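# Residue-level structure breakdown
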Amino acid sequence: AELKADRELALEAVQKNGYAFAFLAKELKSDRELMLAAVRQNRDVSSAYPPEVFQNDSELAPDVARANPFAVQGSAALVCTVSELTSTHDGLSFRAAVGMGGNELQGTLPREATLADLGARLRSQREGDDYIYMLLPGSHTPISPFDGQKLLADFI
């Protein structure tokens, strides 16, 4: 029972096989990040549970879950550090270091861009990296996978 309630072990299990979600301790079955990891691993997981578990949460829909660029807390992922985020006459300008090697990327996004838009741009810089941790200027906490639809302009 103790192993079934270990979040780190649960995350590792659902990332390998989404159906492992069925065997988690009851208290972990309400963890949206574990649900997200399970759906990302196997899109059919959501259809195997009652609607109130997955289907009433649009962010857990399989296509939405896979498009979300942000890593679930505790998983191995590329770290992208945004060092500069400013509003310009062209839109929102950013500068970021992608990965531990610090490959720098800069660019502009439309004013209505979301955190997920910036995350997707950063994720696209490294082939093979499924999800990222994104840190905004002045923050030491990565963006949550459930904050992707927040407007980027709100963080300037």
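Above this text is the structure in question.
Cut-offs and rules
Residues numbered from 1 in each chain as written. Predicted model: local features only at pLDDT ≥ 70, side-chain atom pairs only at ≥ 80, totals over all residues. Heavy atoms only, no water. Helix = DSSP H or I, 4+ residues; strand = E, 2+ residues; numbered from the N terminus. Polar contact = N/O pair within 3.5 Å; in protein donor to acceptor, adjacent residues only side chain to side chain. Contact = heavy atoms within 4.5 Å. Salt bridge = Lys/Arg side-chain N within 4 Å of Asp/Glu carboxyl O. Buried < 20%, exposed > 50% of the residue type's maximum accessible area, 1.4 Å probe, protein only. Arc of directions from axis to C-beta. Core = buried A, V, L, I, M, F, W, Y, C linked by side-chain atoms within 4.5 Å. Pairing = 2+ DSSP bridges.

## Regarding the side chain of Glu33
Relative to the helices and strands, Glu33 is located in helix α2 (residues 32-41). In this structure the side chain of Glu33 is engaged in a polar contact, spanning 2.8 Å, whose partner is the side chain of Arg7. Once you skip the residues sitting within four places of it in the chain, Glu33 turns out to touch Arg7, Val72, Gln73, Ser144, Pro145 and Phe146.

## Brief notes about the pattern of salt bridges
Scanning the entire structure with this criterion turns up eight salt bridges. Residue Asp57 is joined to Arg32 by a salt bridge in which the shortest nitrogen-to-oxygen separation is 2.8 Å. Of this pair, Asp57 sits in the loop between α2 and α3 (62-67) while Arg32 is found in helix α2, placing the two residues 25 residues apart along the sequence. Asp57 sits in the buried class, given a relative accessible area of 19%. Taking the relative accessible area as the measure of exposure, Arg32 reaches 32% and is therefore partly exposed. The closest approach of N and O atoms between Arg95 and Glu84, which form a salt bridge, is 3.7 Å. One end of the pair, Arg95, is in strand β2 (residues 91-98); the other, Glu84, is in strand β1 (residues 78-88), with 11 residues separating them in the sequence. Overlapping salt bridges bring together Arg7, Asp31 and Glu33 as one network.

## Topic: helix α1 (residues 7-16)
When α1 is considered as a whole, its buried residues turn out to be Ala10, Leu11 and Val14. Along the axis of α1, the buried residues cluster in a sector spanning 100 degrees; they form a single face. Opposite the packed face of α1, turned more than 90 degrees from it, sit the exposed residues Glu8 and Lys16. Next to the buried residues of α1 lie α2.

## So, the nonpolar core
Note that soluble globular proteins tend to have their nonpolar side chains buried in a common cluster. Val82, Leu118, Leu122 and Met134 are the most contacted members of the largest nonpolar core, which totals 21 residues. Within the residue set of this core, elements represented by two or more residues are β1, β2, β3 (103-109), α4 (115-123) and β4 (132-135). Non-local contacts of Val82, meaning those with residues more than four positions away in its chain, are made with Arg95, Ala96, Leu118, Leu122, Met134, Leu135, Leu136 and Pro137. Counting 19 residues, the second-largest nonpolar core is a separate cluster that includes Phe21, Leu36, Val45 and Leu60.

## Brief notes about the pairing of β3
The pairing of β2 with β3 spans seven bridges and is antiparallel. From the neighbouring strand, Ala97 faces β3, where its bridge partner is Glu104. Between β2 and β3, which pair antiparallel in sequence order, lie four residues; one of them, Gly99, sits at a positive phi of approximately 85 degrees.

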